[in-house]
Amino acid sequence: MARAPNYGQERKERDRQKAAKKAEKQAAKVAAKERSKPEDKTTSETETETAE
């Protein structure tokens, strides 16, 4: 005999997985943005310090 479907639980699990994936993508996006900006600042600051 097949089990009775538990649609609410299945829906919550799908939503949880979707939210986790979205949060992971957002964290990667923020990390990439942070990695790119300080490098540009650090490079320009270093060039400025050596020029003085």
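Conventions we followed
- Residues numbered from 1 in each chain as written.
- Predicted model: local features only at pLDDT ≥ 70, side-chain atom pairs only at ≥ 80, totals over all residues.
- Heavy atoms only, no water.
- Helix = DSSP H or I, 4+ residues; strand = E, 2+ residues; numbered from the N terminus.
- Buried < 20%, exposed > 50% of the residue type's maximum accessible area, 1.4 Å probe, protein only.
- Areas by Shrake-Rupley, 256 points an atom, 1.4 Å probe, with all protein chains shown as cover.
- Patch = residues over 30% accessible without salt bridge, like charges linked within 9 Å, V, L, I, M, F, W, Y side chains within 5 Å.
- Salt bridge = Lys/Arg side-chain N within 4 Å of Asp/Glu carboxyl O.
- Lys, Arg positive; Asp, Glu negative; His and termini not counted.
- Charge placed at Lys NZ, Arg CZ, Asp CG, Glu CD.

Draft legend 1. Layout of the overall build of the chain. Each helix and strand counted, the chain has 1 helix and 0 strands in total. Taken over 52 residues, the chain has a buried fraction of 0%. When the accessible surface of the chain is split by element, carbon and sulfur atoms take 53% of a total near 5400 Å².

Draft legend 2. Region of interest: a positive patch on the surface. Taken together, Lys21, Lys25, Lys29, Lys33 and Lys37 make up a surface patch of like positive charges. Turning to its location among the elements, Lys33 is positioned in helix α1 (residues 7-51). Lys33 sits in the exposed class, given a relative accessible area of 56%.

Draft legend 3. The pattern of salt bridges, seen in detail. Counting across every chain of the model gives 3 salt bridges. Its salt-bridge partner being Asp15, residue Arg11 comes within 3.7 Å of it at the nearest N-O pair. Residue Arg11 and its partner Asp15 are both found in helix α1; the two are separated by 4 residues, about one turn of the helix. For Arg11, a relative accessible area of 48% translates into the label partly exposed. The closest approach of N and O atoms between Glu13 and Arg16, which form a salt bridge, is 2.7 Å. Taken as a pair, Glu13 and Arg16 lie in helix α1 at a separation of 3 residues, close to a single helical turn. Residue Arg16 is classed as partly exposed on the basis of its relative accessible area of 47%.

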